[in-house]
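As a plain string of letters, each chain reads:
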Amino acid sequence: MRERSAAIVGVYEFPERRVTDLSALQIKALSAARALEDAGLGWGDVDALYDAGEAFPGMSPVMMAEYLHVNPRVLDGTAVGGSSYEFHAAHARRDIESGRARVALLTYGSTAKRDQRAIGTGGRAAWGTPTPVSNLEDPWGLTLIANYALVARRHMHQYGTRPEQLAEIAVAARHHAMRNPLAIQAMQDLGFRNVGEISVEDVLASPLIADPLHLLDCCMISDGGGAAVVASADVARQVRHRPIWILGTGEAAGYPDNGRDITVTAAARSGPAAFGQAGVKPEEMDVAMIYDSFTITVLAILEDLGFCAKGEGGDYVSGGRLAFDHPGGPALNTDGGGLSSNHPGMRGIFLLIEAVRQLRGLSTAQVDGARLAVAHGNGGQLGTRHAAATIILGRD
């Protein structure tokens, strides 16, 4: 295990899921200010800035530096969809270990709901000049949710996974959401028909969107944002809250290839790297913050991270195992996840935020004595090309 060199020392989650009077950029700036305040640090302490370009196109880190009026020595514009913030956390640790930075700032803001983005079912934007991707895929009109449905159907074909097993993931997410006032308010503001606990039967009775995925197998579309501050060990020992150490990281890419099994995600490579670096095993995790764009995303990633063997995910998630108050854990997405709390388009920052809350002992669905958490981001589309990043977090 590496020496504890970098920790998340400040976090903030923007509370609104339906924003009427702020831009994505303003959400980012407000969240950054509150995360720094949470850490007991100021703008002048920031010497590394990481940005995925969701509010500023093009030279986003440069523009964010100007907007926030900070002068970082490190700029990182890694943009790999919803996993960007796990990549940013890994890169911040790397840059801190190299001595290039001491205080790193990660921010996110989005008004996806207000902008009425058809994230899951809309057609993809034209590429312009044909590429190997557009040439082979665009003529067939594959939507994002259909991409994930292909993975779900293939998993069912290969391993006998059943729809009711996928539904267990949505049930666990809602169980946690009902303890989170922000998630409850989100469902109310976004017009959910049922703001309450759900059952497997409820999930299976919800409208079929892309066979075999039902409405309640799919994440919500919301506005939102957040920020996180990563600091060096010397800074971390002096901040307001208990430092949450970055113990291990892993990054990987998945893409179509001859003979590739689409049920195997890039987590199969990023996960072992992160756990190996941290010197811990999946079964030691108290909390698993797994990107939940759809229920199949969680199932496949849990398998590939090593919580169970490939094809055994259906049995693994059954029986309420993923609930925070069920022995044996790990507790899954204890804020309610993208399925029942928020999903503004790129949800990776919230995985880090809730993992930190758990390890501080401040979650609304708190796991008693939680000491270790994994945050795994998945960006892109699971059935074709995607980026994966795994972060192992722990407390003293």
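Residues numbered from 1 in each chain as written. Predicted model: local features only at pLDDT ≥ 70, side-chain atom pairs only at ≥ 80, totals over all residues. Heavy atoms only, no water.

Novice: Is there a simple way to explain the overall build of the chain in this structure?
Specialist: Counting its regular elements, the chain contains 14 helices and 12 strands. Its C-alpha atoms give the chain a radius of gyration of 19 Å, within 12% of the compact-globule value 21 Å for 396 residues. Overall size of the chain, expressed as C-alpha extent along the three principal axes, is 55 × 50 × 45 Å. Here the contacts in the chain between residues at least 6 apart in sequence split such that 76% fall between residues at least 24 apart. As presented, the chain carries roughly 15,100 Å² of accessible surface, and 52% of it is formed by carbon and sulfur atoms. Of note, the chain has its 35 positive side-chain charges centred 2 Å away from the centre of its 44 negative side-chain charges. (Helix = DSSP H or I, 4+ residues; strand = E, 2+ residues; numbered from the N terminus. Rg over C-alpha atoms; globule rule 2.2 N^0.38 Å. Contact = heavy atoms within 4.5 Å. Areas by Shrake-Rupley, 256 points an atom, 1.4 Å probe, with all protein chains shown as cover. Lys, Arg positive; Asp, Glu negative; His and termini not counted. Charge placed at Lys NZ, Arg CZ, Asp CG, Glu CD.)

Novice: What is the right way to look at the UniProt feature "domain: Thiolase C-terminal" (unreviewed entry) in the chain in this model?
Specialist: Listed under "domain: Thiolase C-terminal" (unreviewed entry) in the UniProt record, and renumbered for this structure, are residues 260-395. Helix makes up 32% of residues 260-395 and strand makes up 18%, while its end C-alpha atoms are separated by 38 Å. (UniProt positions renumbered as here; feature names shortened; annotations may be inferred.)

Novice: How should I be thinking about the environment of Leu213 in this particular structure?
Specialist: Structurally, Leu213 can be placed in strand 6 (residues 213-214). With a relative accessible area of 0%, Leu213 lands in the buried category. Expressed as a C-alpha distance, the spacing of Leu213 and Ala152, which sit 61 residues apart in the sequence, is 7.7 Å. Filtering out sequence-adjacent residues up to four positions away, Leu213 remains in contact with Ile145, Tyr148, Ala149, Ala152, Leu166, Leu208, Phe294, Thr295 and Ile296. (Buried < 20%, exposed > 50% of the residue type's maximum accessible area, 1.4 Å probe, protein only.)

Novice: It is not clear to me how the packing of helix 1 (residues 24-39) against helix 2 (residues 60-68) should be interpreted in this structure. Could you clarify?
Specialist: If you want to describe how two helices pack, look at the angle between their axes and the distance between the axes. Relative orientation of the contacting elements helix 1 and helix 2 amounts to 65°, with a least axis distance of 11 Å. For helix 1 against helix 2, the interelement crossing comes out right-handed. Every residue of helix 2 that contacts helix 1 at Leu25, Gln26, Lys28 and Ala29 is listed here: Met64, Tyr67 and Leu68. Among the residues forming the contact of helix 1 with helix 2, the class breakdown is five nonpolar, one polar and one charged. (Axes fitted to C-alpha atoms, helices over the stretch in contact; angles between N-to-C directions. Left-handed = near helix turned anticlockwise from the far one by under 90°. Nonpolar A, V, L, I, M, F, W, Y, C, P; charged D, E, K, R; others polar.)

Novice: Hey, could you run me through the pairing of strand 9 (residues 287-290) in this one?
Specialist: Of the two faces of strand 9, both are covered, the one formed by Val287 and Met289 as well as the one formed by Ala288 and Ile290. Pairing of strand 9 with strand 10 (residues 331-332) involves two bridges; the strand directions are parallel. In the sheet register, Ala288 faces strand 10, and the bridge partner there is Leu332. The sheet contact formed by strand 9 and strand 11 (residues 372-380) spans four bridges and is parallel. For Val287, the partnering residue across the bridge sits in strand 11 and is Ala373. (Pairing = 2+ DSSP bridges.)

Novice: Which parts of the structure should I look at to understand the side chain of Asp95?
Specialist: Among the structural elements, Asp95 can be located in helix 3 (residues 84-97). Among residues more than four places away in sequence, those in contact with Asp95 are Tyr50, Val74, Arg100 and Ala101.

Novice: Just checking my understanding: could you explain unusual backbone geometry for this structure?
Specialist: Note: most peptide bonds trans; most residues except glycine with negative phi. Each neighbour pair has its own omega, and for Asp211 with Pro212 the value is 15°, a cis peptide bond. Inspection of the secondary structure puts Pro212 in the loop between strand 5 (208-210) and strand 6. Across the junction of Gly329 and Pro330, the peptide omega takes the value 5°, indicating a cis bond. Here Asn333, not a glycine, exhibits a phi torsion of approximately 45°, which is positive.

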